[in-house]
Amino acid sequence: MEEGLKEYNFKVSEEAEGERIDKYLNALMDSLSRSYLQKLFSEGRVTLNGGQVKVSYRVKQEDLIRIFLPSKVTPDIEPEEIPLSVLYEDKDVIVINKPKGMVVHPAAGHYSHTLVNALLFHCRGNLSGINGVLRPGIVHRIDKDTTGSIIACKNDPAHASIAAQLKEHSIVRRYHAIVCGNLGQEQGSVHTLIGRHPNDRKKMAVVFAGGKEAVTHYRVLQRFEKYTYVECELETGRTHQIRVHMAHIGHPLLGDDLYGGARSSFLLEGQTLHAKILGFCHPQTGEYIETDAPLPEYFQRLLHTLK
């Protein structure tokens, strides 16, 4: 292997058979854009079963894909002793109850006080490297002002397993939220395409072409005069999916200024959204594991006030 490269290996599962290889890799390594992956193909840095492969190839079960990533010059991300609420941990994975206001991973101009900094300290640097030095261990994200369960991986095989489960929509993710207004039915589903907003690049939107399929199931937990307490279960996991979907059906999340949540006297910091239940198959044992993140104090106080 050429000096300065890091190798990653993936064996294709039955569920992924028939998918384009660049799309398959993009789902497993979401820090790499499709255009960057295509560049790696053109440079011969992706192999299939030991030989060269075209970017248009459709994967087959048991295919062995190797990808060789060149090292990049990136800022040093330092471990920081930040208290973490750990819901589950073993030698392969860790599930954290993320507090409000904590950014998941470093980004340009913001390289400290993130969940990654805290994980580097807590796990003594033992985190997967598939998503690069800025996002070690990170398989999925939740927004800065969303609280609750997020899983991180301590090694590359665990990362590949959890990423595949996310891709196959087999991970259970149930969120609790307070939405504006009264929903007309006790439960329902929202099924749309979600893509980047055409006029505001900070936002996502329901689109009619060019987006990705997004499915959210919801049920009413409690009704108040002007608001509804709901549980939303993700079938897919698009950026801002619950926020976009609830706004789309006319019930934006309370406190969500970006997607039209009503201003209130509750002095909220962002949307009232909490990732409560996270269920997954353990990457080594196959055992089903489910964690339940307690509602944060602000959320409990708000529910009490609304009653």
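Residues numbered from 1 in each chain as written. Predicted model: local features only at pLDDT ≥ 70, side-chain atom pairs only at ≥ 80, totals over all residues. Heavy atoms only, no water.

Colleague: Please provide a residue-by-residue account of the pairing of strand β7 (residues 147–153), values included.
Modeller: The buried fraction of β7 is high, at seven of seven residues. As defined by bridge partners, β7 adjoins strand β13 (residues 273–281) across two bridges and the pair is classed as parallel. By the bridge assignment, Thr-147 is partnered in β13 with His-274. (Buried < 20%, exposed > 50% of the residue type's maximum accessible area, 1.4 Å probe, protein only. Helix = DSSP H or I, 4+ residues; strand = E, 2+ residues; numbered from the N terminus. Pairing = 2+ DSSP bridges.)

Colleague: Go over the environment of Ala-177 with me, naming the residues and quoting the values.
Modeller: Within the element layout of this structure, Ala-177 appears in strand β8 (residues 172–180). The spacing of Ala-177 and Leu-254 is 77 residues in sequence and 8.2 Å in space, taken between C-alpha atoms. Those residues in contact with Ala-177 that sit more than four places away from it in its chain are Thr-228, Tyr-229, Val-230, Leu-253, Thr-272, Leu-273 and Phe-299. (Contact = heavy atoms within 4.5 Å.)

Colleague: Help me get a handle on the sheet that holds strand β1 (residues 5–11), residues and values and all.
Modeller: Spatially, β1-β4-β2-β3 is the arrangement adopted by the four strands of the open sheet, whose pairing is antiparallel. Whereas interior strands pair on both sides, the edge strands pair on one side only; in this sheet they are β1 and β3 (51–52). Across the sheet, helix α2 (residues 34–42) lies against β2 (46–48) and β4 (64–70), angled at about 100° from β4, the strand it touches most. (Axes fitted to C-alpha atoms, helices over the stretch in contact; angles between N-to-C directions.)

Colleague: Just give me the short version of the packing of helix α1 (residues 21–28) against α2, but keep the residues and values in it.
Modeller: To characterise two packed helices, one gives the angle between the axes of the helices and the distance between these axes. It is at 10 Å that the axes of α1 and α2 come closest, and there the two elements cross at 120°. Here α1 is positioned oblique relative to α2, judged by the angle of their axes. By crossing handedness, the relation of α1 to α2 is classed as right-handed. Of the residues in α2, those touching α1 at Ile-21, Asp-22, Lys-23, Leu-25 and Asn-26 are Arg-34, Leu-37, Gln-38 and Phe-41. Across the contact of α1 with α2, the residue classes tally to four nonpolar, two polar and three charged. (Parallel < 35°, antiparallel > 145°, perpendicular 65-115°, else oblique. Left-handed = near helix turned anticlockwise from the far one by under 90°. Nonpolar A, V, L, I, M, F, W, Y, C, P; charged D, E, K, R; others polar.)

Colleague: Help me get a handle on the pairing of strand β9 (residues 187–196), residues and values and all.
Modeller: Here β9 runs beside strand β11 (residues 212–223); their pairing, made up of eight bridges, is antiparallel. Considered in β11, the bridge of Thr-192 is made with Ala-214. In terms of strand pairing, β9 meets strand β10 (residues 204–207) through four bridges, oriented antiparallel. When the sheet's bridge partners are listed, Gly-195 is paired in β10 with Ala-205.

Colleague: Residue-level account of the packing of aromatic side chains, with values.
Modeller: Tallying each qualifying case throughout the model produces four aromatic pairs. Each ring, one from Tyr-227 and one from Phe-266, has its centre 6.1 Å from the other, and the planes form 65°; the classification is edge-to-face. One end of the pair, Tyr-227, is in strand β12 (residues 227–234); the other, Phe-266, is in the loop between α5 (241–248) and β13, with 39 residues separating them in the sequence. For Tyr-227, a relative accessible area of 11% corresponds to the buried category. (Phe/Tyr/Trp six-rings, centres within 6.5 Å; stacked < 30°, edge-to-face > 60°.)

Colleague: Provide a residue-level description of the environment of Lys-60, including the pertinent values.
Modeller: Mapped onto the secondary structure, Lys-60 falls in the loop between β3 and β4. Taking the C-alpha atoms as reference, Lys-60 lies 8.2 Å from Glu-19; in sequence the two are 41 residues apart. Setting aside residues up to four positions removed in sequence, Lys-60 forms contacts with Val-12 and Glu-17.

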